[in-house]
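One letter stands for each residue in the lines below.
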Amino acid sequence: MNGIIILPLVPLRESDSERSEMISQLLFGEKVQILETRERWLKVCNLSDQYIGWIDRKMLKNLSFEDENQLSKSSVFRIKVALSICKKTTSNETMFLPGGSLLFESKHNEYLMFDDDIKVDESDITINEQSTGENILHIARQYLNAPYLWGGKSILGIDCSGLVQVVFSICGMQMQRDASQQVENGKVIDFISEVQAGDLAFFENEEGKIIHVGILLNSHQIIHASGCVKIDQIDSQGIISSLTGEYTHQLRVIKGILNN
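Right, let's walk through the structure included here. In this text, all values refer to a predicted model and were calculated from it rather than measured experimentally. (Residues numbered from 1 in each chain as written. Predicted model: local features only at pLDDT ≥ 70, side-chain atom pairs only at ≥ 80, totals over all residues. Heavy atoms only, no water.)

**A word on the sheet that holds strand 14 (residues 125–126)**
Remark on secondary structure: sheet strands pair via backbone hydrogen bonds, oriented parallel or antiparallel. Going by this rule: In this scheme, strands are said to pair when DSSP sees at least two bridges between them. Only runs of H or I of at least four residues qualify as helices and only runs of E of at least two qualify as strands under DSSP, and these elements are numbered from the N terminus.
With respect to topology, seven strands assemble into an open sheet ordered 10-9-13-12-11-8-14, the strand pairing being antiparallel. Of all the strands in the sheet, the pair left with one neighbour each is strand 10 (94–98) and strand 14. When strand 9 (residues 83–88) meets strand 10, the two strands line up antiparallel, connected through five bridges. Paired with I85 across the bridge in strand 10 is F96.

Written as structure tokens, this is what we have:
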């Protein structure tokens, strides 16, 4: 059976406990496959990126055959701003939706929520944002100063690979969840002087494991989540802290993802 997220942001946990580590988050409108059911918890697979974890079953709506049929016939939009202020149609309650959230159109300017449709500012949504370096950087800059949060995927807390995944998803490119998975995409850029806006830089630890990722603005600047989302200097060795002038991340490889 499948379900759909109808809350703005749902924690995806490593195990079936509120004390368990949050490994990712599920955004409004994302569909999941239910893999296992326990009294209070559901083990689910996010159908957007195949990431698996546990959620509180109260945070999910089960989808009936009729619901699935309705979704299949609806146009799909994404929130393209870091945070959108929406309104429930019937109750007029406010709902804040994070960037990357999925919306299924019910009728003009109203989007399916099953219990109560929502209204969204048309300037906050996209159905086919172009995947260009310019658009990637425009969206990424909206997250500047967002605090770092392990497993986070929103302006209120985000990690390095979450930033990449959300920004690229808004531009119609679904990336995997972790940096170690994202590095498998794209074409290797041999020299940092050859990078284009929107290319991805990956960084390794002393054991050679990919542990960090950021989005390149150009051959000497990168936007990434480390402490917060910020822009730092980069060279062929790695990221240089704007505060200390010291290297903080060792560069492993640069990948071209876009067709700029």
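Having seen the structure, we can now continue with the description.
**Things to note about helix 2 (residues 133–141)**
Here is the rule: Only protein chains enter the accessibility calculation, which uses a 1.4 Å probe; a residue is then buried when its area is under 20% of its type maximum, exposed when over 50%, and partly exposed in between. For this analysis, residues touch if any pair of their heavy atoms sits within 4.5 Å.
G133, N135, I136, L137, I139 and A140 are the residues of helix 2 that are buried. Tucked into the core, helix 2 has its buried residues touching helix 3 (160–170), strand 19 (210–216) and strand 20 (221–226).

**Considerations on unusual backbone geometry**
The phi torsion at Q50 lies on the positive side, around 65°, for a residue other than glycine. Structurally, the position occupied by Q50 is in the loop between strand 5 (41–46) and strand 6 (52–56). In this structure, F114 takes a positive phi of about 75° despite not being glycine. You can see F114 is positioned in the loop between strand 12 (110–111) and strand 13 (118–119).

**What to know about empty space enclosed by the protein**
Let me state the cut-off plainly: Cavities and pockets were defined on a 1 Å grid built from protein atoms only: a cavity is a group of points that admits a 1.4 Å probe but offers it no way out, a pocket is an open group of points flanked by protein on both sides within 12 Å along at least five of seven lines, and a lining residue is one with an atom within 4 Å of any such point. Grid points are joined across faces, edges and corners, and a volume is the space filled by probe spheres set on the points. Residue polarity is assigned by list, with Asp, Glu, Lys and Arg as charged and Ala, Val, Leu, Ile, Met, Phe, Trp, Tyr, Cys and Pro as nonpolar; anything else, Gly included, falls into the polar class.
Under the criterion given, the structure shown has one cavity of 30 Å³ or more. The volume enclosed by the largest cavity comes to roughly 50 Å³. In this structure, the largest cavity is lined by L27, E30, S48, R78, G100, K153, Q165, V166, S169 and Q174. At three residues, helix 3 tops the list of elements feeding residues into the lining of the largest cavity. Classifying every residue of the lining of the largest cavity gives two nonpolar, five polar and three charged.

**As for the side chain of N46**
Within the secondary structure layout, N46 lies in strand 5. N46 sits in the buried class, given a relative accessible area of 1%. Discounting chain neighbours no more than four positions away, the residues touching N46 are L26, E30, K31, V32, Y51 and K153.

**Observations concerning the layout of surface pockets**
Over the atoms rolls a probe the size of a water molecule, and its path tells where empty space is left. Each pocket or cavity is described by its volume, and for the largest pocket that value is around 350 Å³. For the largest pocket, the lining is made up of 20 residues, of which W150, S161, D178, A179 and I211 are closest to its centre. Within the residue set of the lining of the largest pocket, elements represented by two or more residues are helix 3, helix 4 (179–182), strand 19 and strand 20. Sorting elements by how many residues they give to the lining of the largest pocket places strand 19 first, with three residues. Residue composition of the lining of the largest pocket, by class: nine nonpolar, six polar and five charged.

**Looking at the nonpolar core**
In plain terms, the rule: In these notes, a set of buried Ala, Val, Leu, Ile, Met, Phe, Trp, Tyr and Cys residues joined through side-chain atoms within 4.5 Å is what counts as a nonpolar core.
If you look at the biggest cluster of nonpolar residues, it comprises 32 residues, and the most contacted ones within it are Y143, V167, F168, L200, I215 and V229. Mapped onto this core, the elements with two or more residues apiece are helix 2, helix 3, strand 18 (200–204), strand 19 and strand 20. Considering each element in turn, this core owes the most residues, seven residues, to helix 3. Contact partners of V229, with chain neighbours within four places excluded, come to Y143, L144, N145, A146, I158, L163, I223 and H224.

**Overview of the pattern of salt bridges**
We apply this condition: A pair is scored as a salt bridge if a Lys or Arg side-chain nitrogen falls within 4 Å of a carboxyl oxygen belonging to Asp or Glu.
Counted according to the given criterion, the structure contains 13 salt bridges. For K153, the salt bridge goes to E30, with nearest N and O atoms at 3.9 Å. Separated by 123 residues along the polypeptide, K153 in strand 15 (residues 153–154) and E30 in the loop between strand 3 (22–27) and strand 4 (31–37) bring together distant segments of the chain. One salt bridge connects K61 with D67, and the closest N-O pair in it is separated by 3.8 Å. Given the relative accessible area of 24%, K61 is considered partly exposed. Residues participating in the shared-partner salt-bridge network are E18, R40, D56 and K58.

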